[in-house]
Amino acid sequence: MSANAPFARLPEAAAFTVTSTTVTDGAAWPAEQFSAGVPGGKDRSPQLSWSGAPEGTKSYAVTVYDPDAPTGSGFWHWAVADIPATVTELPEGAGDDTGSGLPGGAFPLPNDARAARYIGAAPPAGHGPHRYFVVVHALDVESIGVPADATPAVLGFTMAGHILGRAVLTATAEIPA
């Protein structure tokens, strides 16, 4: 596992709370949140609930990022933009191919596998433990203004000046050699 801290060089943001009935902060992903290419994996996005967002929040974005992927740039597993400020929960499986669990107005961006959906954990066998940062970003705009085919990195760059708060849950995964 690398010492890469994904938010170390980003602007400070107020902390708020994200929880999940699917995974506990600091714990391993359940099998369903692994990639379908891993035995037992189902590419099912986790259930998320959040509270305590800063005053002035007009929308949210959700991202799932593995900074420990052996790519030089990590691996984006999921990114959702333009979640209305009135929404404070996503059901498990909201990141499926249809996006039927996403609220109106919200949309997924293509992940690093270029699929506009959640793709589960699949660290290389024997590579060691990986961290998966599940983040709800509270934003000061109703729409972040990125196109639906933008990358999660473009979303992050565009959000940088609009983040009021950040709620972080970290899951882990490892596949033995």
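These lines cover the structure that appears in this document, whether it is placed above or below. (Residues numbered from 1 in each chain as written. Predicted model: local features only at pLDDT ≥ 70, side-chain atom pairs only at ≥ 80, totals over all residues. Heavy atoms only, no water.)

1. Some points on the overall build of the protein
Consideration 1: Within the protein, the secondary structure is distributed over 1 helix and 9 strands.
Consideration 2: Moving toward the C terminus, one meets the helices and strands of the protein in the order β-β-β-β-β-β-β-β-α-β.
Consideration 3: Here the protein has a C-alpha radius of gyration of 15 Å; the compact-globule value for 177 residues is 16 Å, and the two agree.
Consideration 4: A principal-axis box enclosing the C-alpha atoms of the protein has dimensions of 45 × 35 × 30 Å.
Consideration 5: Sequence separation of at least 24 residues holds for 75% of the intrachain contacts in the protein that already meet a minimum separation of 6. (Helix = DSSP H or I, 4+ residues; strand = E, 2+ residues; numbered from the N terminus. Rg over C-alpha atoms; globule rule 2.2 N^0.38 Å. Contact = heavy atoms within 4.5 Å.)

2. Observations concerning the pairing of strand β9 (residues 163–173)
Consideration 1: The buried fraction of β9 is high, at 8 of 11 residues.
Consideration 2: Here strand β1 (residues 14–15) pairs with β9 via 2 bridges, running parallel. Bridging from a neighbouring strand, A15 pairs with R166 of β9.
Consideration 3: By the bridge criterion, 10 bridges tie strand β8 (residues 130–139) to β9 in an arrangement that is antiparallel. The partner of H130 across the bridge, within β9, is A173. (Buried < 20%, exposed > 50% of the residue type's maximum accessible area, 1.4 Å probe, protein only. Pairing = 2+ DSSP bridges.)

3. Some points on the packing of aromatic side chains
Consideration 1: Evaluated as defined, the whole model comprises 7 aromatic pairs.
Consideration 2: Here the aromatic rings of W78 and Y118 are separated by 5.9 Å at their centres, their planes lie at 85 degrees, and the arrangement is edge-to-face. Of this pair, W78 sits in strand β5 (residues 75–84) while Y118 is found in the loop between β7 (107–108) and β8, placing the two residues 40 residues apart along the sequence. We note that W78, like Y118, is buried. (Phe/Tyr/Trp six-rings, centres within 6.5 Å; stacked < 30°, edge-to-face > 60°.)

4. Some words on the side chain of T22
Consideration 1: With respect to the helices and strands, T22 occurs in the loop between β2 (17–19) and β3 (48–51).
Consideration 2: Classification of T22 as buried rests on a relative accessible area of 14%.
Consideration 3: Within polar-contact distance, the side chain of T22 engages the backbone nitrogen of Q47 at 2.8 Å.
Consideration 4: Residue contacts for T22: discarding those within four places in its chain leaves P30, Q33, P46, Q47 and E92. (Polar contact = N/O pair within 3.5 Å; in protein donor to acceptor, adjacent residues only side chain to side chain.)

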